[in-house]
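Next come the chains, spelled out residue by residue.
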Amino acid sequence: GNEMNSKTKKMKLVNELINLGKRIDKAGFQPIALINDLRTDYKDLFVVDFGQDLGGFYENSNYSFASNLVNSFIEKNEWYSIK
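Going along each chain's sequence as written, the residues are numbered from 1 onward. At least 70 in pLDDT is required for a residue's local features to be given in this predicted model, at least 80 for side-chain atom pairs to be given and counted, and no such filter applies to totals for whole chains, interfaces and linings, which use all residues. Excluding hydrogens and water, the side-chain figures rest on all heavy atoms present in the structure.

K.L.:
Sorry if this is basic, but what is going on with the side chain of Ser67 here?
P.N.:
To qualify as a helix, a DSSP run of H or I must reach at least 4 residues; to qualify as a strand, a run of E must reach at least 2; elements of each kind are numbered from the N terminus. Looking at the element boundaries, Ser67 is found in helix α2 (residues 65-77). Using a 1.4 Å probe on the protein chains alone, a residue whose accessible area is under 20% of its type maximum counts as buried, one over 50% counts as exposed, and one in between counts as partly exposed. Look at Ser67 and you get buried, because its relative accessible area is 14%. With sequence-adjacent residues up to four places away left out, Ser67 is seen in contact with Gly21, Lys22 and Asp25. Any two residues whose heavy atoms approach within 4.5 Å at even a single point are treated as in contact.

Spelled out as structure tokens, the structure:
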């Protein structure tokens with residue numbers, strides 16, 4: 001029903017957020033802020049104006065700065081437990 005559709009949409013956004021964090025990490029950036037630069041229409045996730053929030057670029061970086069920001073946001077907002 002409608003509740004399942006809403007939960008499916010939410011999980012899609014969570015997965016998009018996780019994948020975005022991984023892509024930023026893989027590209028070698030170490031963002032100082034990430035979540036404030038995101039917008040959603042509840043169907044897709046959009047990045048708006050990273051600017052200096054994207055942080056420095058580090059070639060061959062194995063750090064997970066973006067993924068850590070994403071995971072912290074998801075845990076803090078309990079996205080997985082929202083119905």
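After that view, the rundown keeps rolling.
K.L.:
Is there a simple way to think about the nonpolar core in this case?
P.N.:
Nonpolar side chains in soluble globular proteins tend to end up buried together. Core analysis: the biggest nonpolar cluster contains 11 residues, these being Val14, Leu17, Ile18, Leu20, Ile24, Leu34, Leu38, Leu54, Ala66, Val70 and Ile74. Looking at this core element by element, the count peaks at 5 residues for helix α1 (residues 2-27). We call a set of buried Ala, Val, Leu, Ile, Met, Phe, Trp, Tyr and Cys residues a nonpolar core when their side-chain atoms join them within 4.5 Å.

K.L.:
Quick question: what am I supposed to make of the confidence of the model for the protein here?
P.N.:
Regions with low pLDDT carry predicted coordinates that are not meant to be interpreted in detail. Here pLDDT means the predictor's own confidence in every residue, given as a number from 0 to 100. Summing up the model confidence of the protein, the mean pLDDT is 82 and the portion of residues at 70 or higher is 84%. For the protein, per-element mean pLDDT is lowest for strand β4 (residues 56-57), which scores 80, and highest for strand β2 (residues 38-40), which scores 89.

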